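Residues per chain are reported as follows:
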Amino acid sequence: MGFADQRYNVNLSILFTELPLLERPAAAAAAGFGAVELWWPWVESPTPARSELDALRGAIEDAGVRLTGLNFYAGRLPGPDRGALSVPGEESERFRANIDVAAAFAESLGCGALNALYGNRIDGVDPAEQDALALENLALAARAADRIGAVLLVEALNRIESPRYPLVSAPAAVDVVDQVNAATGLDNARFLMDLYHLAMNGEDLPRVIERFAARTGHVQIADRPGRGAPGTGSLPLEDLLDRLREAGYAGWVGLEYKPGDRPSAEAFDWLPREAR
C-alpha cells in the first residue's frame, strides 16, 4: 500500500489561496485532482447573495471537480475564530442562519460531508451553557445534513494553535459525535480525524486509528511541524494512512496543508500524478 492507494481532495481554503476563489477549482483540476473541499468561503456572511453562491458553484462545475467537503459558517477562519455554534448570541444565530444555506449549496454539488467547528470558549460564559448550545445547534446541523444524505463532521483541533477550543483530543470530539447521534437518533454524525492536529496534541495516532476509524467520516493530513506537505516534517503519514485503510477507512483524505514558499501547484511532488 502507500500514498497512491488513497483518495485525495484538495482543501481550497489553504491551498491555491494565491489565486482568487473562483480560479482555485480549475487550478486543482490542472494539478490532477478530481475533488476539492472548502472552509466556508464567505467569512463575513453566513448567507451570501445568490449570485456569489452561483458563481462558486459554476466554477466548481466548470472545472470538472467534485465538492466532497464543506464547512458550515465558522466565523473568521483563517483568523481568531474556531467556529460559531457554541458562541451565545449573534454568532450562534449566524450559524443557524447558515445551516440551510450551506446544506443547499452542498446538495447542489453532491457534497456528502459538512463540517461544523465547535467554537472557542468565551470569557464569562459557563462552559456548560456553551456545550448545551453546541449540542442544540449540532443537532440542527445533523438534521439538515441528513436531509441531503450527508454526514455531519465534528473535528478536534490542537491546543497549541487553538488554546480556547475545547475539543483538543480525539476522545473529546468522538464524545460530542456520540451526543449528537443520541440527540437526533440519525447516526449521521462522524469524527473528522485530522492527523496533524492530533499529532500536535501528542496523541498516540496508531491507537486513535485503532479506536476510532469506524467512527470517522473524513481524514485530513499535513506534516508536523509546520503544517506542510507530507515529507516536510516528521509524521509517518504514509504508514498512518495504510493503518487507516487496514482499519476499514475508505473515504477521502483531505490535503489541508500549507504549500510553503512556492506556488501551490508545486506542493504535490510527494504524490504521483496518477494517484491524484
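As a starting point, this report considers the structure included with it. Remember, predicted model here, so these are calculated numbers, not experimental data. (Residues numbered from 1 in each chain as written. Predicted model: local features only at pLDDT ≥ 70, side-chain atom pairs only at ≥ 80, totals over all residues. Heavy atoms only, no water.)

1. With respect to the overall build of the protein chain
Point 1. Looking only at helices and strands, the protein chain has 8 helices and 8 strands in total.
Point 2. Here the protein chain has a C-alpha radius of gyration of 17 Å; the compact-globule value for 276 residues is 19 Å, and the two agree.
Point 3. Principal-axis analysis of the C-alpha atoms gives the protein chain an extent of 45 × 45 × 35 Å.
Point 4. The proportion of buried residues among the 276 residues of the protein chain is 56%.
Point 5. A total of about 11100 Å² of accessible surface is found on the protein chain, and carbon and sulfur atoms cover 48% of it. (Helix = DSSP H or I, 4+ residues; strand = E, 2+ residues; numbered from the N terminus. Rg over C-alpha atoms; globule rule 2.2 N^0.38 Å. Buried < 20%, exposed > 50% of the residue type's maximum accessible area, 1.4 Å probe, protein only. Areas by Shrake-Rupley, 256 points an atom, 1.4 Å probe, with all protein chains shown as cover.)

2. Quick word on the packing of helix α5 (residues 170-184) against helix α7 (residues 205-212)
Point 1. One way to put it is that α5 packs onto α7 with a least axis distance of 11 Å and a crossing angle of 15°. Looking at the two axes, α5 sits roughly parallel to α7. Seen along the crossing, α5 lies across α7 with a hand that is right-handed. Only Val208, Arg211 and Phe212 of α7 make contact with α5, whose side of the interface consists of Ala170, Pro171 and Val174.
Point 2. For the contact of α5 with α7, the per-class residue count stands at 5 nonpolar, no polar and 1 charged. (Axes fitted to C-alpha atoms, helices over the stretch in contact; angles between N-to-C directions. Parallel < 35°, antiparallel > 145°, perpendicular 65-115°, else oblique. Left-handed = near helix turned anticlockwise from the far one by under 90°. Contact = heavy atoms within 4.5 Å. Nonpolar A, V, L, I, M, F, W, Y, C, P; charged D, E, K, R; others polar.)

3. Some words on the pairing of strand β6 (residues 189-194)
Point 1. Across the 6 residues that make up β6, a large majority, 5, are buried.
Point 2. Inspection of the sheet shows strand β5 (residues 151-155) paired to β6 by 4 bridges, in the parallel sense. Opposite Glu155, over in β6, you have Leu192 as the bridge partner.
Point 3. With respect to chirality, the unit in which β5 leads through α5 into the neighbouring parallel β6 is right-handed. (Pairing = 2+ DSSP bridges. Right-handed = clockwise from strand over helix to strand, strands pointing away.)

4. Describing the pattern of salt bridges
Point 1. For the coordinates displayed, the defined rule picks out 14 salt bridges.
Point 2. Of the charged contacts in the structure, one is a salt bridge between Arg94 and Glu90, with a shortest N-O distance of 4.0 Å. Of this pair, Arg94 and Glu90 both sit in helix α3 (residues 90-108), separated by 4 residues, roughly a single helical turn.
Point 3. One salt bridge in this structure joins Asp100 and Arg147, with 3.2 Å as the shortest N-O distance. With Asp100 in helix α3 and Arg147 in helix α4 (residues 127-147), this pair connects stretches of sequence that are 47 residues apart.
Point 4. In this structure Arg147 comes out as exposed when scored by relative accessible area, which is 57%. (Salt bridge = Lys/Arg side-chain N within 4 Å of Asp/Glu carboxyl O.)

5. Points about helix α2 (residues 50-63)
Point 1. Along its 14 residues, α2 runs 20 Å from first to last C-alpha, staying within 8% of the 20 Å computed at 1.5 Å per residue.
Point 2. Among all positions of α2, only Leu53, Leu56, Arg57, Gly58, Ala59, Ile60 and Ala63 are buried.
Point 3. In this structure, the buried residues of α2 make contact with α1 (24-30), β2 (35-38), β3 (66-71) and α3.
Point 4. Gly64 sits one or two residues past α2 and shows a positive phi near 75°. (Expected span 1.5 Å × (residues − 1).)

6. A word on the nonpolar core
Point 1. Grouped together as the largest cluster of nonpolar side chains are 93 residues, with contacts concentrated most on Leu70, Met193 and Leu255.
Point 2. For Leu255, the contacting residues outside a window of four places in its chain are Tyr8, Asn9, Val10, Asn11, Ile14, Leu15, Phe33, Ile221, Phe268 and Trp270. (Core = buried A, V, L, I, M, F, W, Y, C linked by side-chain atoms within 4.5 Å.)

7. Some remarks on the sheet that holds strand β8 (residues 252-255)
Point 1. What the 8 strands build is a closed barrel, ordered β1-β2-β3-β4-β5-β6-β7-β8; its pairing is parallel. Here the strands of the sheet are splayed against their neighbours by 30° on average, with no regard to which way each runs.
Point 2. Sheet analysis places β6 next to strand β7 (residues 216-221), joined by 4 bridges and oriented parallel. Among the inter-strand pairings, Met193 is bridged to a residue of β7, identified as Val219.
Point 3. The sheet strands contacting α3 are β3 and β4 (113-115), and the helix crosses β3 at an angle near 170°.

8. Let's talk about unusual backbone geometry
Point 1. Residue Leu77 is joined to Pro78 through a cis peptide bond whose omega torsion reads 5°.
Point 2. Relative to the helices and strands, Pro78 resides in the loop between β3 and α3.
Point 3. Arg224 connects to Pro225 through a cis peptide bond whose omega is 0°.
Point 4. Following the sequence through the fold, Pro225 ends up in the loop between β7 and α8 (237-246).
Point 5. Here the phi dihedral of Phe16 falls at roughly 65°; this positive angle occurs in a residue that is not glycine.
Point 6. In this structure, Phe16 sits in the loop between β1 (7-11) and α1.
Point 7. At Arg227, a position not held by glycine, the phi torsion is positive, near 60°.
Point 8. Among the structural elements, Arg227 can be located in the loop between β7 and α8.
Point 9. Using a relative accessible area of 11% as the deciding quantity, one classes Arg227 as buried.

9. A short note on the side chain of Ser162
Point 1. Position of Ser162 among the secondary structure elements: in the loop between β5 and α5.
Point 2. Discounting residues that sit within four places of it in the chain, Ser162 has contacts with Arg82, Leu157 and Val168.

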